[in-house]
Amino acid sequence: MDIERLFDESYVRVLDREVEGRAFFVAFYERFLAASPQVAEKFRHTNMARQQAMLKKAFYHLLAFYASSHADYYLQQVAISHDRAHRDIPPALYALWLESLIDTVRAFDVAFDDDVELAWRLVMTPGIVFMTFHYDRGTGRDV
């Protein structure tokens with residue numbers, strides 16, 4: 001199984017499609033915000049168009065991290081900004097993030113199957129582990 005190819009092809013499919021008039025990242029954030037009052041509160045004052053663009057960019061860094069096991073400067077800065085001392089995104093919210101993401105991929109990818117789901121989970125999980133590991137690491141001194 002070529003994880004990167006499966007992920008890349010699925011990613012192209014989800015970006016090229018609208019479901020119920022909504023683009024992938026719009027639908028993802030709607031689903032994620034509905035997943036928990038705590039999530040909704042974290043995003044209460046967020047410019048969602050900017051947030052969607054940032055997540056789109058982050059996907060490339062997450063894929064690079066998956067492929068290389070090296071956290072680039074961008075991913076390090078995201079980890080710092082999400083730690084307890086800054087945006088305070090607790091590790092439990094990443095599980096909701098991933099499940100919301102997978103549910104959105106399932107709705108958008110016409111070729112979604114177990115292999116595609118596994119590819120998304122495998123590509124996203126190292127970045128999630130990186131983020132949650134640094135949650136209690138202060139102001140990024142260990143990043």
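Everything discussed here concerns the structure shown above.
These remarks concern the structure in this document. Quantities reported herein were computed from a predicted structural model and do not represent experimental measurements.

1. Let's talk about the layout of surface pockets
For step 1, the next point in the chain: Of the voids in this model, the largest pocket is the one considered here, and its volume is about 630 Å³.
For step 2, the next point in the chain: Taken together, 28 residues make up the lining of the largest pocket; nearest its centre are Y29, F43, Q51, V78 and H82.
For step 3, the next point in the chain: Broken down by element, the residue count for the lining of the largest pocket peaks at 7 residues, all from helix 4 (residues 48–68).
For step 4, the next point in the chain: In terms of residue class, the lining of the largest pocket is made up of 18 nonpolar, 7 polar and 3 charged.

2. Here we look at the packing of helix 4 against helix 7 (residues 114–133)
For step 1, the next point in the chain: Where helix 4 meets helix 7, the axes come as close as 8 Å, and the angle between the chain directions of the two elements is 90°. Classified by the interaxial angle, the pair formed by helix 4 and helix 7 is roughly perpendicular. Residues F59, L62, L63, F65 and Y66 of helix 4 lie in contact with helix 7, whose contacting residues are W120, L122, V123, M124, P126, G127 and F130.
For step 2, the next point in the chain: Here the residues of the contact of helix 4 with helix 7 sort into 11 nonpolar, 1 polar and no charged.

So, how was this worked out
Position labels on residues start from 1 in each chain and follow its written sequence. Totals for whole chains, interfaces and linings use all residues, but because this is a predicted model, local features are given only for residues with pLDDT of at least 70 and pairs of side-chain atoms are given and counted only at 80 or more. Hydrogen atoms and water are omitted, and side-chain values are computed over all heavy atoms in the structure. Site definitions follow a grid-based scheme: protein atoms alone, a 1 Å grid, a 1.4 Å probe that fits but cannot get out for cavities, and for pockets an open set with protein on both sides within 12 Å along at least five of seven lines, plus lining residues having an atom within 4 Å of a point. Grid points are joined across faces, edges and corners, and a volume is the space filled by probe spheres set on the points. Where helices and strands are cited, they refer to DSSP runs of H or I of at least four residues and of E of at least two residues respectively, numbered from the N terminus. Under the scheme applied, nonpolar residues are Ala, Val, Leu, Ile, Met, Phe, Trp, Tyr, Cys and Pro; charged residues are Asp, Glu, Lys and Arg; polar residues are all the others, including Gly. Fitting a line to C-alpha atoms yields each axis, with helices limited to the stretch in contact; the angle taken between N-to-C directions then spans 0 to 180 degrees. Note that the term roughly parallel is reserved for angles under 35 degrees, roughly antiparallel for angles over 145, roughly perpendicular for angles of 65 to 115, and oblique for everything else. It only takes one pair of heavy atoms within 4.5 Å for two residues to be counted as in contact.

Keep in mind these numbers describe shape, not what the thing actually does.
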